[in-house]
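Descriptive structure summary
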Amino acid sequence: MPHAITVRKLPDPPGETCPRYWFGGDVFLTHFFNAISSTFPDGERFFIRAVRHYQHQVSDPALLEAIRCFVGQEGQHSREHDAHVALLKAQGYGILERLNRNQRAVMTFFNERTPRYALALTAGVEHITAALARSVMTHPETWIAPMHPTMQPLWRWHAVEEAEHKSVAFDVYRTTGGPRWLRRLAMLHATFAFHVEVFFRHLLLLHRDRALSLLILRQGWHKLWGRDGFLRALRGELGVYYRADFHPDQHDDQPLLSRRRLEWLLG
């Protein structure tokens, strides 16, 4: 069962004072996080629709309350990352808005035509984002400290809340009778789609700034997949999802989460 989930508003969203290359002046990592952020607005709305579709089949009061908080958190995430996309558009990256229109159509199709699969996809993506959130919370000196002060609150806040609600979609899927084989298939899809979508957007952003070169890509590969790379955190996390007895809470984030809530969100 999910642990305590708190719906919060982001106190200080990024604004016009945020520099173009806000991750320590690093164009590669700035645009990597921009690429991820740009997928969140419609992705979060997809997750909300997927979970809500099966809410009427849930009778457990604790899980119903977790669903309510999950929807509240994801709704806030969607709005704040919408604001980030608007900032990126003002900086000349309007292509992201056009990509999001296409993404929205595909996600709406899954929600409306294959709701069970949409929920399975949601559970899979939530596992991926929880693993990345854990990396951010474990190594803030690497993944938070280099960010411009106007951008740090967004990623700290989002990381904490992803860790808080990481098991909600999974519990709804399991409680409403979702089969294990479909959960595994959806995780394959989610893993592939996450990497391809983010990589494609990342390349477009680098190309827009004439920063797309073999040298930058080679150096960037090590920043993401090297010994302490951001995406390397996924290597040990994706495989466990396919176990028959898997549950998100088997990885206990509570000590780390409690510390980061106190440090970053004042409890």
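Structural data are supplied above this passage.
Below you will find a few notes about this structure. As the structure is a computational prediction, the values presented were derived from the model and not from experiment. (Residues numbered from 1 in each chain as written. Predicted model: local features only at pLDDT ≥ 70, side-chain atom pairs only at ≥ 80, totals over all residues. Heavy atoms only, no water.)

Considering the overall build of the protein chain
The cut-off we apply is this: A run of H or I in DSSP becomes a helix once it reaches four residues, and a run of E becomes a strand once it reaches two; helices and strands are each numbered from the N terminus. Whether a residue is buried, partly exposed or exposed follows from its accessible area with a 1.4 Å probe, protein chains only, as a fraction of its type maximum: under 20%, in between, or over 50%, in that order. A contact between two residues is defined here by any heavy atoms of the two lying within 4.5 Å. Accessible areas in this description were obtained via Shrake-Rupley with a 1.4 Å probe; residue shielding takes into account the shown protein chains only. For the purpose of counting charges, residues Lys and Arg are taken to be positive, whereas Asp and Glu are taken to be negative. His and the chain ends are not included. Charge positions come from single atoms, namely NZ of Lys, CZ of Arg, CG of Asp or CD of Glu.
Along the backbone of the protein chain there are 10 helices and zero strands. Each helix and strand of the protein chain, placed in order from N terminus to C terminus, yields the pattern α-α-α-α-α-α-α-α-α-α. Overall, the protein chain is about 50 × 40 × 35 Å in size when its C-alpha atoms are taken along their principal axes. Expressed as a percentage of its 267 residues, the buried residues of the protein chain come to 57%. Considering only contacts in the protein chain between residues 6 or more positions apart, those separated by 24 or more positions represent 85%. For the protein chain, the accessible surface area stands at approximately 12,200 Å², while carbon and sulfur atoms represent 59% of it. When the 33 basic and 27 acidic side-chain charges of the protein chain are each reduced to a single mean position, those positions are 5 Å apart.

Topic: the pattern of salt bridges
Definition in use: The salt bridge definition used is simple: a Lys or Arg side-chain nitrogen within 4 Å of an Asp or Glu carboxyl oxygen.
Under the defined criterion, the tally for this structure stands at 17 salt bridges. With its nearest N and O atoms 2.9 Å apart, the salt bridge here joins K89 to E97. Judged by its relative accessible area of 32%, E97 falls in the partly exposed class. Between E197 and R201 there is a salt bridge, with its nearest N and O atoms 2.7 Å apart. Within this pair, E197 and its partner R201 are both found in helix α8 (residues 180-208), separated by four residues, close to a single helical turn. With relative accessibility at 27%, the residue E197 sits in the partly exposed group. The structure contains a network of salt bridges with shared partners spanning R8, E161, E164 and R261.

A word on α8
To keep it simple, the criterion reads: Expected helix span is given by 1.5 Å per residue-to-residue step, counting one fewer step than there are residues.
For α8, spanning 29 residues, the distance from its first C-alpha to its last is 42 Å, which sits close to the expected 42 Å at 1.5 Å a residue. Those residues of α8 not exposed but buried are L182, R183, A186, M187, A190, T191, F194, V198, R201, H202, L205 and L206. In the core, the buried residues of α8 are packed alongside α1 (27-53), α3 (95-113), α4 (115-138), α7 (168-175) and α9 (214-225). The first or second residue beyond α8 is R210, which carries a positive phi of 55 degrees.

Digging into unusual backbone geometry
Of note in this structure, R210 is not a glycine but carries a positive phi near 55 degrees. In this fold, R210 is placed in the loop between α8 and α9.

Quick word on the nonpolar core
Short version of the rule: Working definition of a nonpolar core: buried Ala, Val, Leu, Ile, Met, Phe, Trp, Tyr and Cys residues. They are joined through side-chain atoms within 4.5 Å.
Core analysis: the biggest nonpolar cluster contains 80 residues, and W155, V172 and F230 have the highest contact counts within it. With residues up to four places along the chain from it excluded, the contact list for W155 reads W22, F33, I36, S37, F40, I144 and M147.

Digging into a nonpolar patch on the surface
To keep it simple, the criterion reads: Exposure above 30% relative accessible area and no salt bridge define the residues that can form patches, which grow by joining like charges within 9 Å and nonpolar side chains of Val, Leu, Ile, Met, Phe, Trp and Tyr within 5 Å.
A cluster of nonpolar side chains, namely W181, L185 and L188, defines an oily patch on the protein surface of about 350 Å² accessible area. Along the polypeptide, L185 turns up in helix α8.

Quick look at the environment of I5
Tracing the sequence through the fold places I5 in the segment before α1. A relative accessible area of 12% places I5 in the buried class. With 128 residues separating them along the chain, I5 and A133 place their C-alpha atoms 15 Å apart.

Thoughts on the side chain of Q76
Assignment of secondary structure puts Q76 in helix α2 (residues 61-90). On the accessibility criterion, Q76 (10% relative accessible area) is buried. Every residue in contact with Q76, bar those within four places of it in the chain, is listed here: V7, R8, K9 and W157.

Focus on the packing of helix α6 (residues 152-164) against helix α10 (residues 254-265)
Worth spelling out the cut-off: To obtain each axis, a line is fitted to C-alpha atoms, and for helices this fit is confined to the stretch in contact; angles are then taken between N-to-C directions over 0 to 180 degrees. We call two directions roughly parallel when the angle between them is under 35 degrees, roughly antiparallel when it is over 145, roughly perpendicular when it lies between 65 and 115, and oblique otherwise. The crossing is said to be left-handed when, going from far helix to near helix, the turn is anticlockwise and less than a right angle, and right-handed when the turn is clockwise. In the scheme used here, Gly and all other residues not listed as nonpolar or charged are polar, with Ala, Val, Leu, Ile, Met, Phe, Trp, Tyr, Cys and Pro taken as nonpolar and Asp, Glu, Lys and Arg as charged.
Running from N to C, α6 and α10 point in directions that differ by 150 degrees, and their axes come no closer than 10 Å. Here α6 lies roughly antiparallel to α10, going by the angle between them. Of the two elements, α6 crosses α10, and the hand of that crossing is left-handed. Residues R156, W157, V160, A163 and E164 of α6 lie in contact with α10, whose contacting residues are L257, R260, R261, W264 and L265. Its residues assigned to classes, the contact of α6 with α10 shows six nonpolar, no polar and four charged.

That's the geometry; what it means functionally is another story.
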